[in-house]
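Architecture at a glance
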Amino acid sequence: MHTESVQARVVELLQQTFQHREFRPGQQTVIDALLRPGGPEHPGNPGSARGLLAVLPPGGGKSLCYQLPALLLDGLTVVVSPLLSLMKDQVDGLRRRGVAAERADSSLGAIEADAALDRVGRSYTGAHTGGPIRLLYVSPERFVSAAFMAFLRSVPLAMVALDEAHCLSEWGPNFRPDCMRVAEVIQQLISERVESLLDGRERRAAGADRPPLRVLALTATATPEVRLEICQHLRIPPQSILTGGFSQPALTLSFCPSPRSSRDAVLLSHLHARPPGAGIIYVNRQETAERVAQLLRRAGVEARPYHAGFSEEARTEIQEWWARSPVAFVVATLAFGVGIHKPDVRYVYHYDLPRSLEGFAQEVGRAGRDGGPALAEVLGAQEEVAWLENHILGDTPSLEAVGAVVRELTAGGGEFSLDLAGLARRTDLRPAVLRTLLIRLETMRLIQPGTPWFSTWKVHPTRPLEDILHQFDRQFDAARASFLRRLFGTGERAWGGWYTISPAVSAEHLGEDRDRICRALDWMARQNLIEIRRSDLQLCYLRTGAVPDPDALARKLLYWLVEREAVEVQRIHEVIGLITAPSCQTVALWRHLGEQPDGPCGRCSFCLSGRVALPALPPPVPAGEGLDLHALHALYLDHPGALGSPRQLARFLCGLSSPATVAARLIRHGLFGCRSEWAFDDVLAFCEALPAQVRKAA
C-alpha cells in the first residue's frame, strides 16, 4: 500500500507540476498500481511480474500514467513510442514544466542521439548537475542496437512504457514489426534481472538491489483480441488489464455518406449551418487535402492542408497555427492531431471513408476533450472501398519474390549485412513488406538482428583539414594525425570540401577495425571538427537456424501475408457495417473495442433518424474500357523489370508505386493510377489477359 507521504507527493505533482486539478477516469488506478511497492506484481509468475496494460480512451491522458510515476520511481523510465511528433511534443512539454527529459529517436542524427543517451547515463553517476534524468523517449528501432542494449544494462532501469501498444498486434490495423523486437528485449531484461536477484550476483556487483522493473503498455483503441495479444507478447496476465472507459457524453456521431460528386457541397453546407469552431477534416490522399483546403478558403473558412509532403518545419508551423485558432480547420491525411494539446476541437469530419474502426475511434476522440459539445461526422461512402482495398492487396508479393527473399536471407550461415533498399529493388517489394518479412524470420528464430550501420559517410571538415591535422600533432600525437591523414586519403573528395568515406572499405585499405574508424569520425564530430551525413543503411543479421526447404518457408510466409491482408480488408467493411448498423452506432463502436455502454446514446444518426442508407454506386465499368491496349502492351514490353508480370502492371494501373516503377520513373506516366478506383482483382484479371486482348483488338 502507498504511504501517506507518497500519496501526498502524487497529488502535489498532479496539481503543481502537471497543472491538473484531478485525475481523469482510470489514471489514478494505473498510477497507484505502478507505485505500489514492488509494482503491480503477481505472485507465482516472476517472469511476467510488474506488467500492466492500460486501455484509456482517446484524450484520456495516457502520458500522465508514466510521466508522473517516473518522477517518483527510483530509476529511469524509458518511453517507447512509434510517433516521432508525440515524443518531441512531450519532451518539450516536460522541459517547460521543469522536468528533465531526453529523447533519442530517429528524427535526430546519430551524434545527437548518442549525446542524449550520454547525458542520461552520466546523470546516474553524479556527473550531471541537475540530478538523475527520469524520462527517456526512444523509437522502437533503437532496440536493435547493441550499444543501446548496453546502455539499458548500465542504468538503474525502473520502468519501460510502451505507448501505442496496439502496434504490437500482428492482426491489428497499425502493426509495427519493430515493436515485436521491443517486447522480446523487455522480456530479456526481466529474465536477466530475475536471474540476478535469484543468485545474488547483482547484489555483490552493485552493492545493492536494483529497483524492480515495471512494464506499462498503453493504448486507446484495442479490441479484446488485440488486448490479449499485447498481454501475450509482454507476458502480462489478463487480469492486469485496466480500462478507463470510453464514455464521451458530449460527442455526437453522425453519418452522412455522400457520393463523391456532391460531397464538396454537403461539406460546405454542413460547415455553414453549424456554429463556428475548430476542427479536423480527415482525407485519404494528399491531393484531396490540398483541394479541399482550397475549397474551404474560397468559401470563407480558415483552412490549411496537412500531409507527409510538407517538411517537418512546415508541419510544425501548421500545427501551431491551428492550435492557436478557435475556428480554424486542418484538412489532413491520417495521424494528424497526435501529440497536439487542443481540447476545444468541436468538429471532426471524415471526408473519405476511415480505414478501420480502431483508427476512427482514435480520430473522433480528438473532439470535445474539454467536455464541451462536439460532433464527428463521416461523409465518405463505399466509393472509396476499392481504393482502400487496392492499397492493401497491391502489397501482396509473388511467391517467386518471397522465395528470392528467403534464399538471400537464409542461405549459408554466419553474419551478413543487408542493404534493404537494394533488396527491395532486386525483388520489387516495398520496404515495408520486406521489414515485415524480416521480423517474421526473427520471430521464427531463423535470423538474429545485430547493430545496423551506414556504409557511406559524407564528411565535411569545419575548417581546412590540414589545420585540424596540425592541431592533432600539437595536442595529441603524430600517430593519431597520421591515422586520420591516411583515413581521409581513402575517401573521395568532392566539390565543396566534402569527403565520401566508406568505413568498411577504408578499414580494409588501412588494416584497421571498421569500428575504430567510425568512433574516430564520431569523436571528431562531437568536437565540432567535422560535419557528418550518413547514408546507405546496412542491416546486420546472424543466421541462427537451418532452412531445409526454402520453398516451403516461402509458401508459409506468403500465406501469412495473405491472411493479414484479408484481416485488413475486413476492417474496411467493418466501417461500412458501422455506418449501416441497425442499432445505436455509438454503442456498436465501443462494443467493437471491448466496452459495454449502458444503453443507446440518443444522439447518433441511427438514434435520431433510423438506419443510414448508402448512396447507390455507379454501374461498373470494365477495367480495360477506354484504354489504348496497344500502347499499354508496348509499355509493358518496354519495361520488363518494372511491368513484366501481370501483378506489377496491375499495381501500376492502380497507382501503387514499387521500387521498380520508381526507378524506371513510371509513376509520372499518364497511365499510372488511371485505374485507382477499380477493384484490384478486376484490374489484375485484365492484366493477366492483356496479350490475348491485344491480339483480339488487332
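Before going into details, it helps to say that this report is about the structure given with it. (Residues numbered from 1 in each chain as written. Predicted model: local features only at pLDDT ≥ 70, side-chain atom pairs only at ≥ 80, totals over all residues. Heavy atoms only, no water.)

1. Focus on the overall build of the protein
A tally of regular secondary structure across the protein gives 30 helices and 19 strands. Computed over the C-alpha atoms, the radius of gyration of the protein is 28 Å, within 12% of the 26 Å expected from 2.2 N^0.38 for a compact globule of 698 residues. With the principal axes as the frame, the protein shows a C-alpha extent of 80 × 75 × 55 Å. The buried share of the protein, taken over its 698 residues, is 52%. For the protein, the share of sequence-separated contacts (at least 6 apart) that also reach a separation of at least 24 residues comes to 76%. Of the roughly 31200 Å² of accessible surface on the protein, a fraction of 52% belongs to carbon and sulfur atoms. Looking at the protein, you have 76 positive and 77 negative side-chain charges, and the mean spots of the two groups are 2 Å apart. (Helix = DSSP H or I, 4+ residues; strand = E, 2+ residues; numbered from the N terminus. Rg over C-alpha atoms; globule rule 2.2 N^0.38 Å. Buried < 20%, exposed > 50% of the residue type's maximum accessible area, 1.4 Å probe, protein only. Contact = heavy atoms within 4.5 Å. Areas by Shrake-Rupley, 256 points an atom, 1.4 Å probe, with all protein chains shown as cover. Lys, Arg positive; Asp, Glu negative; His and termini not counted. Charge placed at Lys NZ, Arg CZ, Asp CG, Glu CD.)

2. Some thoughts on the side chain of Glu 358
By the secondary structure assignment, Glu 358 is in helix α13 (residues 357–364). With relative accessibility at 4%, the residue Glu 358 sits in the buried group.

3. Digging into the nonpolar core
Judged by nonpolar contacts, the single largest core of 44 residues is most densely connected at Trp 322 and Phe 336. Considering each element in turn, this core owes the most residues, six residues, to helix α22 (residues 550–579). When near neighbours in sequence (up to four residues on either side) are disregarded, Trp 322 contacts Ala 278, Gly 279, Ile 280, Ala 328, Phe 329, Val 330, Phe 336, Ile 340, Lys 342 and Val 345. Counting residues in hydrophobic clusters, the runner-up holds 43 residues, among them Val 78, Phe 148, Phe 175 and Ile 190. (Core = buried A, V, L, I, M, F, W, Y, C linked by side-chain atoms within 4.5 Å.)

4. What about the pattern of salt bridges?
Applying the stated criterion to the full structure yields 33 salt bridges. The closest approach of N and O atoms between Arg 407 and Asp 551, which form a salt bridge, is 3.6 Å. Placement of the pair is Arg 407 in helix α15 (residues 399–410) and Asp 551 in helix α22, with a sequence separation of 144 residues. Since its relative accessible area comes to 42%, Arg 407 is described here as partly exposed. Overall, the relative accessible area of 43% leaves Asp 551 in the partly exposed class. Here Asp 522 makes a salt bridge to Arg 534, at a shortest N to O gap of 2.2 Å. Pair noted here: Asp 522 is in helix α21 (residues 514–526) and Arg 534 is in strand β19 (residues 530–543), with a separation of twelve residues, a long-range link. (Salt bridge = Lys/Arg side-chain N within 4 Å of Asp/Glu carboxyl O.)

5. Concerning the environment of Gly 412
Here Gly 412 is to be found in the loop between α15 and β14 (414–419). As a C-alpha pair, Gly 412 and Ala 546 span 134 residues in sequence and 8.4 Å in three-dimensional space.

6. Quick word on the packing of aromatic side chains
The geometry of an aromatic ring pair comes down to the distance between the two centres and the angle between the two planes. What the rule picks out here adds up to ten aromatic pairs. Relative to Phe 148, the ring of Phe 143 has its centre 5.2 Å away and its plane inclined at 75°; by these criteria the two rings are edge-to-face. Judged by its relative accessible area of 1%, Phe 148 is buried. Ring plane angle 85° and centroid distance 5.1 Å describe the contact between Phe 488 and Tyr 499, whose orientation is recorded as edge-to-face. You can see Phe 488 sitting in helix α19 (residues 478–489) and its partner Tyr 499 sitting in strand β18 (residues 499–501), a full eleven residues away along the chain. (Phe/Tyr/Trp six-rings, centres within 6.5 Å; stacked < 30°, edge-to-face > 60°.)

7. Quick look at unusual backbone geometry
At Arg 445, a position not held by glycine, the phi torsion is positive, near 60°. In this model, Arg 665 sits at a positive phi of 60°, which is unusual for a non-glycine residue. Counting through the fold element by element, Arg 665 comes out in the loop between α28 (659–663) and α29 (680–688). By relative accessible area, Arg 665 is classed as exposed at 71%.

8. A look at the pairing of strand β8 (residues 251–255)
Within β8, five of the five residues are buried, which leaves the element mostly enclosed by the surrounding structure. Burial along β8 is two-sided: the residues Leu 251, Leu 253 and Phe 255 and Thr 252 and Ser 254 are all buried. Bridge count for β8 against strand β13 (residues 374–378) is five bridges, and the pairing is parallel. Bridge pairing links Leu 251 to Ala 374 in β13. (Pairing = 2+ DSSP bridges.)

9. Considering the sheet that holds strand β1 (residues 51–55)
Taken in spatial order, the seven strands make up an open sheet running β3-β4-β2-β5-β6-β1-β7, and their pairing is parallel. Each end of this open sheet is capped by a strand with a single partner; those strands are β3 (101–104) and β7 (241–243). In this sheet, neighbouring strand axes are inclined to one another by 20° on average, regardless of whether the strands run parallel or antiparallel. The sheet strands contacting helix α4 (residues 84–96) are β3 and β4 (135–138), and the helix crosses β3 at an angle near 160°. Sheet contacts for helix α5 (residues 110–123): β2 (76–80), β3 and β4; angle to β3, the most-contacted strand, approximately 145°. (Axes fitted to C-alpha atoms, helices over the stretch in contact; angles between N-to-C directions.)

10. Some details on the environment of Gly 121
For Gly 121, the position within the fold is in helix α5. The class for Gly 121 is buried, based on a relative accessible area of 19%. Sequence spacing of Gly 121 and Ile 133 is twelve residues, and the spatial spacing of their C-alpha atoms is 8.5 Å. Residues in contact with Gly 121, not counting those within four places in the same chain, are Phe 151 and Val 155.

11. Some words on the sheet that holds β8
Reading across from one edge, β8-β13-β12-β9-β11-β10 is the order of the six strands in this open sheet, with parallel pairing throughout. Edge positions in the sheet fall to β8 and β10 (303–306), since each of these pairs with one other strand and no more. Each neighbouring strand pair of the sheet contributes to a mean axis angle of 15°, computed without reference to strand direction. Sheet strands touched by α13: β8, β9 (278–282), β12 (345–350) and β13. Its angle to β12, the strand with the most contacts, is close to 155°.

12. Remarks on the state of the cysteines
Counted by the stated rule, this structure contains zero disulfides. Looking at Cys 256, it has no disulfide partner, and the nearest cysteine sulfur is the one in Cys 604, 14 Å off. The closest cysteine sulfur to the non-disulfide-bonded Cys 584 is located on Cys 601, 3.7 Å from its own sulfur. For Cys 584, a relative accessible area of 6% corresponds to the buried category. (Disulfide = S-S within 2.5 Å.)

13. A look at the packing of α15 against α22
Look at α15 against α22: their axes get within 9 Å of each other, and the N-to-C directions meet at 120°. Taken together, the axes of α15 and α22 lie oblique to each other. Taken as a pair, α15 and α22 cross one another with a handedness that is right-handed. Along its contact with α15, which presents Leu 399, Val 402, Gly 403, Val 406 and Arg 407, the element α22 presents Pro 550, Asp 551, Leu 553, Ala 554, Arg 555, Leu 557 and Leu 558. Of the residues belonging to the contact of α15 with α22, the class tally is eight nonpolar, one polar and three charged. (Parallel < 35°, antiparallel > 145°, perpendicular 65-115°, else oblique. Left-handed = near helix turned anticlockwise from the far one by under 90°. Nonpolar A, V, L, I, M, F, W, Y, C, P; charged D, E, K, R; others polar.)

14. Side note on α19
Relative to the 16 Å expected for twelve residues at 1.5 Å per residue, α19 spans 16 Å between its end C-alpha atoms, a close match to the ideal helical length. For α19, every residue scored as buried is listed here: Ala 481, Phe 483, Leu 484, Leu 487 and Phe 488. The buried residues of α19 all sit within an arc of 160° when viewed along its axis, so they share a single face. Exposed residues lying more than 90 degrees from the buried face of α19 are Ala 478, Ala 479 and Gly 489. Where α19 is buried, its residues contact β16 (453–461), α18 (465–475), β18, α20 (503–510), α21 and β19. (Expected span 1.5 Å × (residues − 1). Arc of directions from axis to C-beta.)

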